[in-house]
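Chain residues, written in single-letter form:
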Amino acid sequence: MGVPFVSACLCPIGKEAHASARMSSRLIGLVDSLEKLEIILEDFRKDMLNKLVFEELKISSLEAKSSHFFDKNSGDDIEFYQVKSLKEILSPSGTGNVFLNQVEIGCSINNVLIIFSFDKDVGDITFNFSERDLLGGEGTEIKLKAKKIVATLLVLKDKYDIPKIRIGFEPASDDDSCLLVICQESIDLESAVERILR
């Protein structure tokens, strides 16, 4: 069996969704002395959003500490547990966020703010969490967690045809704070993990 490969390149990205992410994290009191890490799924297809969130990641309203979405039909602010379809609530365009106790992305990550920012057909999904959840622990443990996360993101990229995934410190949309961009160029998984942990 060959060495697993990951696509990686450095590419610029718009900052609108991540300005929203930073503002949302401050609004719900997530700012602490540790830096935040972000995983950004860019240009994610809206028609695959419900499948990713409810079936793939199995995100439950029971895990939600707080959330905010806007129902354009009723004109009301609503919570995550009231959302029947993320595709519908974010149409024709929209933003929303949910702060979860934990989410599983290759390994369990605690206290994760997920920001959804969508246009008509595609949008960005940002996972914002404390660096402690990836970079805390012993060296081998940290490397294993990073490898599991990257491997899982690779699977999601192929399964959902995600054009680009960024991993880095907040804001990961900036090249200066971005550690890894998964897109078209191929490098091995070990090299990808080293980029995150350098």
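Residues numbered from 1 in each chain as written. Predicted model: local features only at pLDDT ≥ 70, side-chain atom pairs only at ≥ 80, totals over all residues. Heavy atoms only, no water.

## A look at the overall build of the protein
Tallying secondary structure elements over the protein gives six helices and ten strands in all. Residues counted as buried form 49% of the 198 residues belonging to the protein. Within the protein, counting contacts between residues at least 6 apart in sequence, those at least 24 apart form 64% of the total. Only carbon and sulfur atoms are counted for the fraction: they give 50% of the accessible area of the protein, which is about 9,800 Å². (Helix = DSSP H or I, 4+ residues; strand = E, 2+ residues; numbered from the N terminus. Buried < 20%, exposed > 50% of the residue type's maximum accessible area, 1.4 Å probe, protein only. Contact = heavy atoms within 4.5 Å. Areas by Shrake-Rupley, 256 points an atom, 1.4 Å probe, with all protein chains shown as cover.)

## A look at the sheet that holds strand β8 (residues 164–169)
Pairing is antiparallel in the open sheet, where eight strands are placed in the order β4-β3-β5-β6-β7-β2-β8-β9. Every other strand in the sheet has two partners, leaving β4 (76–78) and β9 (178–182) as the edge strands with one partner each. Each strand axis lies, on average, 20° off the axis of its neighbour in the sheet, ignoring direction. In this structure, strand β6 (residues 108–118) lies alongside strand β7 (residues 122–130), joined through six bridges in antiparallel fashion. Bridge pairing in β7 places Phe 116 opposite Ile 125. Its contacts with the sheet put helix α6 (residues 189–197) on β8 and β9, and the angle it makes with β9 is roughly 155°. (Pairing = 2+ DSSP bridges. Axes fitted to C-alpha atoms, helices over the stretch in contact; angles between N-to-C directions.)

## Some details on the nonpolar core
Counting 49 residues, the largest nonpolar core has Leu 41, Phe 44, Phe 116, Ile 125 and Leu 153 as the members making the most contacts within it. With seven residues, the single largest contributor to this core is helix α5 (residues 139–160). If sequence neighbours within four positions are ignored, Leu 41 has contacts with Leu 52, Gly 123, Asp 124, Ile 125, Phe 127, Leu 153, Ile 162, Lys 164 and Ile 165. (Core = buried A, V, L, I, M, F, W, Y, C linked by side-chain atoms within 4.5 Å.)

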